[in-house]
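Below are the chains, spelled out letter by letter.
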Amino acid sequence: MSGIKPLKGIKVIDFTHVQAGPACTQLMAWFGADVIKVERPGSGDVTRTQLRDIPEADALYFTMLNSNKRSLTLDTKTQQGKEVLEKLIKESDVLVENFAPGALDRMGFTWERIQELNPKMIVASVKGFSDGHHYEDLKVYENVAQCAGGAASTTGWWDGPPTVSGAALGDSNTGMHLAIGILTAIIGRQQTGKGQRVSCSMQDAVLNLCRVKLRDQQRLDRLGFLEEYPQYPHGKFSDVVPRGGNAGGGGQPGWVLKCKGWETDPNAYIYFTIQGHAWEPICRALGKPEWIEDPAYNTPRARQDKIFDIFAFIENWLSEKTKYEAVDILRKFDIPCSPVLSMKEIAADPSLRASGSIVEVDHKVYGKYLTVGSPIKFSDLKPEITAAPLLGEHTDQVLAELGYSQDQIKSMHEGKVV
Ligand code: COA
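Keep in mind it's a predicted model, so treat the numbers as computed, not measured. (Residues numbered from 1 in each chain as written. Predicted model: local features only at pLDDT ≥ 70, side-chain atom pairs only at ≥ 80, totals over all residues. Heavy atoms only, no water.)

(A) Spotlight on helix H9 (residues 211-223). Compared with the 18 Å implied by 1.5 Å per residue over 13 residues, the 18 Å span of H9 between its first and last C-alpha is a close match. Turning to H9, its buried residues number three or more, namely Lys213, Asp216, Gln217 and Leu220. Here the buried residues of H9 occupy an arc of 105° about the axis, which is enough to place them on one side. Those residues of H9 that are exposed and angled more than 90 degrees off the buried face are Arg211, Asp221 and Arg222. (Helix = DSSP H or I, 4+ residues; strand = E, 2+ residues; numbered from the N terminus. Expected span 1.5 Å × (residues − 1). Buried < 20%, exposed > 50% of the residue type's maximum accessible area, 1.4 Å probe, protein only. Arc of directions from axis to C-beta.)

What follows is the structure, given as structure tokens:
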């Protein structure tokens, strides 16, 4: 590896908090950008103190979303704080924020003002809803976005309430979308010499992942039924896409099935997919070769009316196998499947450690903790994940880089500007 970090030289003012924005800027920091997290003096990002498990140390919620960054404390509502921010804007490439709608404008940093200060600046925002949306004024957190983006209404059991996912579809997912937008704007700037505004709403980012459900709504409108849902053919459809339990959204019949030990282990399950083209190996793996040619079984449509009988048969086959044993057998037949892994299993997984997807980091106050490393792998870059900064750890350093003298820095500390 060359050791070259592709985003080296890109300076990012990280005006983000909680999860959506920090996930975006953390990704940029991993890939080499100089990310300066601007935080309110005294308190900083609210996640520093949220759900702490060591009383005096920054919470894992903060440290797992802010690695590889520098922290500058700055009260941007004071005159002097605004001056510091102006200087920073003049020499940065990107400003990322996820404040409530209008907060940056109220602070005096409208898009027009930022452009005056630095026409090359890219200003990237996460908001709950997009500009002009009838809910654009709303403050939004994760589950609000999952409900607004179509995920909740299509997740869960058909006879239960809408259900939100444990995955951060509204938060980290929006941050990832925004990162793509920022990198696109950086490339665009190479052609035009100008910055631009980039924004991604949490509703839109969730919706982007719910594409197949919008597909299903249109099919349902036309046909009145959805042949790959568990409701077909025995149940009833209304005029909205129903919740499909553990059925595969892409249209491949699949289900979470019990394995040996499920009575006591809440994760003794595998996900088993009955992919159309894998039917023959599935039958061979299950010891049911007679199903291969049987017209009652040999097409997805023929199987659908007895899909739960087939799953019950597979569960019976699984009853004496652990989830790992089952997957080891099924993988030999090229059957798409996975053990349902608990977070404890994931944390200890040697493959995830080896690939850098789970990383152990050493923090000055907290000590060692695990975090999720880059899910994106490169042939010529191995992001090195470092600990999240303490509140204001780099304040003096950043101010000195901006040309402030030690006396000026001291007076800013005394005036609680930083
Ligand atoms: N110095 C001075 N003031 C600062 C500051 C600093 N360094 N950093 C933030 N502030 C101020 C803001 O200017 C704002 O002031 P104002 O309300 O007087 O204009 C204030 O702090 C609070 O910001 P706000 O974003 O409203 O925080 P909140 O805790 O009330 O709301 C959210 C939190 C997440 C709900 C809201 O920020 C939001 O909806 N963001 C957009 C969507 C989003 O990202 N959601 C979270 C996903 S994890």
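Moving on from the model shown.
(B) Molecular detail of the sheet that holds strand E9 (residues 337-339). The three strands lie next to each other as E7-E8-E9, forming an open sheet whose pairing is antiparallel. Only two strands of the sheet have a single neighbouring strand rather than two, namely strand E7 (254-258) and E9. Taking each pair of neighbouring strands and ignoring which way they run, the sheet shows an average axis angle of 20°. Where strand E8 (residues 269-273) lies against E9, three bridges are found, and the strand directions are antiparallel. Among the inter-strand pairings, Tyr271 is bridged to a residue of E9, identified as Ser338. (Pairing = 2+ DSSP bridges. Axes fitted to C-alpha atoms, helices over the stretch in contact; angles between N-to-C directions.)

(C) Layout of the packing of helix H1 (residues 20-30) against helix H7 (residues 172-192). For the pair H1 and H7, interaxial distance at closest approach is 7 Å and the crossing angle is 50°. Regarding the angle of H1 to H7, the classification is oblique. In this structure, H1 crosses over H7, and the sense of that crossing is right-handed. Facing Ala20, Ala23, Cys24, Leu27 and Met28 of H1, the residues of H7 in contact are Ser172, Gly175, Met176, Leu178, Ala179, Ile182 and Ile186. Each residue belonging to the contact of H1 with H7 can be placed in one class, and the counts come to ten nonpolar, two polar and no charged. (Parallel < 35°, antiparallel > 145°, perpendicular 65-115°, else oblique. Left-handed = near helix turned anticlockwise from the far one by under 90°. Contact = heavy atoms within 4.5 Å. Nonpolar A, V, L, I, M, F, W, Y, C, P; charged D, E, K, R; others polar.)

(D) Spatial organisation of the site of the ligand. Around the ligand sit 23 residues in total, of which Arg40, Lys77, Ala100, Lys139 and Val140 are the nearest. Here an oxygen atom of the ligand and a backbone polar atom of Ala100 are 2.7 Å apart. In this structure, Lys139 approaches the ligand through a side-chain N or O atom, which is 2.4 Å from an oxygen atom. For the ligand, the protein covers 84% of the area, taking 940 Å² as the surface of the free molecule. For the shell around the ligand, the class distribution of residues is eleven nonpolar, five polar and seven charged. (Near = heavy atom within 4 Å. Polar contact = N/O pair within 3.5 Å; in protein donor to acceptor, adjacent residues only side chain to side chain. Areas by Shrake-Rupley, 256 points an atom, 1.4 Å probe, with all protein chains shown as cover.)

(E) Seen up close, the pairing of strand E5 (residues 122-127). Extensive coverage of E5 is indicated by the burial of six of its six residues. Judged by which residues are buried, E5 turns out to be covered on both faces: Ile122, Ala124 and Val126 on one side and Val123, Ser125 and Lys127 on the other are all buried. One ladder, built from four bridges, connects strand E4 (residues 94-97) with E5; its direction is parallel. Note on E5: the bridge partner recorded for Val96 is Ala124. Bridge count for E5 against strand E6 (residues 197-201) is five bridges, and the pairing is parallel. Bridging across to E6, Ser125 finds its partner in Ser199.

(F) Summary view of the sheet that holds E5. Spatial ordering of the open sheet is given by E3-E2-E1-E4-E5-E6, a layout of six strands whose pairing is parallel. Of all strands in the sheet, those with a lone pairing partner are strand E3 (70-73) and E6, marking the two edges. Averaged over all adjacent pairs, the angle separating strand axes in this sheet is 20°, with direction ignored. Strands in contact with helix H8 (residues 202-209) are E5 and E6; relative to E6, the strand with the most contacts, it is inclined by about 65°.

(G) Geometry of the side chain of Asp93. The topology assignment puts Asp93 in the loop between helix H3 (79-90) and E4. A distance of 2.7 Å separates a polar atom in the side chain of Asp93 from the backbone nitrogen of Lys11. One polar contact links Asp93 to Arg189, side chain to side chain, over a distance of 3.0 Å. Not counting residues within four places of it along the chain, the set of residues in contact with Asp93 comprises Gly9, Ile10, Lys11, Lys120, Met121, Ile122 and Arg189.

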